Amino acid sequence: MEPSKTLLRLGKRLESKAGKAIADYNMIEDGDTVLVCISGGKDSHTLLSLLMALRERAPIDFRLIAMNLDQKQPGFPAEVLPAYLAQIGIDYRIVEQDTYSVVRAKLPPGKTSCSLCSRLRRGVIYRIAKELGASKIALGHHRDDIVHTLFLNLLFGGRLKAMPPKLVTDDGAHVVIRPLAYCAEADIARYARGMAFPIIPCNLCGAQDNLQREKVRAMMADWDRRFPGRTEAVFSALQHVVPSHLADQSLFDFRGLRPGVELAALAGGDPVFDPPGPVGGWPAPDVLPLRVLS
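## Re the overall build of the protein chain
Phase 1: The secondary structure content of the protein chain amounts to ten helices and eight strands.
Phase 2: In the protein chain, which comprises 294 residues, the proportion classed as buried is 38%.
Phase 3: In the protein chain, the proportion of contacts linking residues at least 24 apart, taken out of those at least 6 apart, comes to 76%.
Phase 4: Roughly 17,100 Å² of accessible area belongs to the protein chain as shown, and the carbon and sulfur atoms make up 56% of that amount.

Following this line, the structure appears as structure tokens:
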């Protein structure tokens, strides 16, 4: 079936956002081999679709290899992704590794398995990237994932930390990129439905509803319903960090601060004297109601 005009417009918007993220953070360079991690979910399907579309008109030449990790989970439809990837004409690798048994053996019943499962997956992905000579590893995390991770670390880990659009792994061997960093989850979900991707849900963990991430997701969804644009505003804040107005002594020399210092070094000086105006494109009220602060 021919895609509708609405779906075409949505696809172009997502391509534009992914292309801008790639350009802003120099995610893909000429001659790169990009290993695209495909789980079978809406995000990774959309990631692969957008990268394939962008490759067609990119001013640089790069190779895409799709990779799926078959974790030997009971009931996993192992035939779905190979058939789909062959149909769309992408080079792909299906890697079989029984991480399911490892997770079940290591964790007691009722415990969430996402953390251990992701670590095991990451190790396999890095190994395959090395074997294939991939210079970049593309993951399907989107803007909402990045914002949710910020609040997870803030509220449960005591750290001001999110998911960066681009990073080098701890061993320095791989560069991980997130081309969907500017894309909203709602748009990705609509696109995936319209494209009728063969979605494979992740039901390895039987306690998904109890995950802290799900609680943060619900919190942000509630904020966005009551105060539209909150997720966009938080993501914009991640791109406009002012170290002199935080408290990390490794990022700013608070001990050496003296009267007469250049205001430029303070990234704006005392905010009490800043004129009111939009923050990240969103208007900031003079006074925040207590229900927002709470």
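## Observations concerning the packing of aromatic side chains
Phase 1: Evaluation of the coordinates by the stated rule reveals six aromatic pairs.
Phase 2: Measuring from ring centre to ring centre gives 6.3 Å for Tyr 25 and Tyr 182, while their planes differ by 65°; the resulting arrangement is edge-to-face. Taken together, the positions of Tyr 25 in the loop between helix H1 (5-24) and strand S1 (33-37) and Tyr 182 in the loop between strand S6 (175-177) and helix H7 (185-195) put the pair 157 residues apart, joining distant regions of the chain.
Phase 3: Classification of Tyr 182 as buried rests on a relative accessible area of 13%.
Phase 4: Put simply, the rings of Tyr 25, Tyr 182 and Phe 235 touch in pairs and so form one group of aromatic residues.

## Things to note about the pairing of strand S2 (residues 63-70)
Regular strands show a simple pattern: their side chains alternate between the two faces of the sheet.
Phase 1: With respect to burial, S2 is a largely interior element, seven of its eight residues being buried.
Phase 2: Pairing analysis gives five bridges linking S1 to S2, with the strands arranged parallel. When the sheet's bridge partners are listed, Thr 33 is paired in S2 with Arg 63.
Phase 3: As judged from the five bridges shared by S2 and strand S3 (residues 92-96), these two strands associate in the parallel manner. Each residue of the ladder has a partner; that of Asp 70, found in S3, is Glu 96.

## Observations concerning the environment of Leu 167
Phase 1: Inspection of the secondary structure puts Leu 167 in strand S5 (residues 166-168).
Phase 2: A residue is classified by how much of its surface remains accessible, and Leu 167, at 25% relative accessible area, is partly exposed.
Phase 3: Expressed as a C-alpha distance, the spacing of Leu 167 and Met 27, which sit 140 residues apart in the sequence, is 9.6 Å.
Phase 4: Ignoring sequence-local partners within four residues, the contact set of Leu 167 consists of His 174, Val 175, Val 176 and Arg 178.

## A short note on the pattern of salt bridges
Phase 1: Under the counting rule described, the total for this entry stands at 19 salt bridges.
Phase 2: A salt bridge links Arg 13 to Asp 187, with the nearest nitrogen and oxygen atoms 3.5 Å apart. With Arg 13 in helix H1 and Asp 187 in helix H7, this residue pair connects regions lying 174 residues apart in the sequence.
Phase 3: When its relative accessible area of 15% is taken as the criterion, Asp 187 is described as buried.
Phase 4: Within the structure, one salt-bridge network assembled from shared partners comprises Lys 42, Asp 43, Glu 185, Glu 214 and Arg 217.

## Notes on helix H2 (residues 42-57)
Phase 1: Its 16 residues give H2 an end-to-end C-alpha distance of 24 Å, which sits within 8% of 22 Å, the value for a rise of 1.5 Å per residue.
Phase 2: When we look at burial in H2, the residues that qualify are Asp 43, Ser 44, His 45, Thr 46, Leu 47, Leu 48, Ser 49, Leu 50, Leu 51, Met 52 and Leu 54.

## A closer look at the side chain of His 45
Phase 1: Tracing the backbone through its elements, the reader meets His 45 in helix H2.
Phase 2: Ignoring any residue separated from it by four or fewer positions in sequence, one finds His 45 in contact with Gly 40, Leu 81, Tyr 84, Phe 197, Pro 198 and Ile 199.

## What about unusual backbone geometry?
Phase 1: In this structure, Asn 26 is a non-glycine residue whose phi angle is positive, near 50°.
Phase 2: Topologically, Asn 26 is positioned in the loop between H1 and S1.
Phase 3: Given a relative accessible area of 38%, Asn 26 falls into the partly exposed group.
Phase 4: Phi is positive for Ala 196, close to 55°, though the residue is something other than glycine.

## Structural notes on the packing of helix H6 (residues 143-157) against helix H8 (residues 212-226)
Phase 1: Interhelical geometry of H6 versus H8 gives an angle of 115° and a closest axis separation of 9 Å. As summarised for this structure, H6 and H8 are arranged roughly perpendicular, according to the angle between their axes. Pair H6 / H8 crosses with right-handed handedness. Along the contact surface, H6 presents Asp 145, Val 147, His 148, Thr 149, Phe 151, Leu 152, Leu 155 and Phe 156, while H8 presents Gln 212, Arg 213, Val 216, Arg 217, Met 219, Met 220 and Trp 223.

Definitions and limits used
- Residues numbered from 1 in each chain as written.
- Predicted model: local features only at pLDDT ≥ 70, side-chain atom pairs only at ≥ 80, totals over all residues.
- Heavy atoms only, no water.
- Helix = DSSP H or I, 4+ residues; strand = E, 2+ residues; numbered from the N terminus.
- Buried < 20%, exposed > 50% of the residue type's maximum accessible area, 1.4 Å probe, protein only.
- Contact = heavy atoms within 4.5 Å.
- Areas by Shrake-Rupley, 256 points an atom, 1.4 Å probe, with all protein chains shown as cover.
- Phe/Tyr/Trp six-rings, centres within 6.5 Å; stacked < 30°, edge-to-face > 60°.
- Pairing = 2+ DSSP bridges.
- Salt bridge = Lys/Arg side-chain N within 4 Å of Asp/Glu carboxyl O.
- Expected span 1.5 Å × (residues − 1).
- Axes fitted to C-alpha atoms, helices over the stretch in contact; angles between N-to-C directions.
- Parallel < 35°, antiparallel > 145°, perpendicular 65-115°, else oblique.
- Left-handed = near helix turned anticlockwise from the far one by under 90°.

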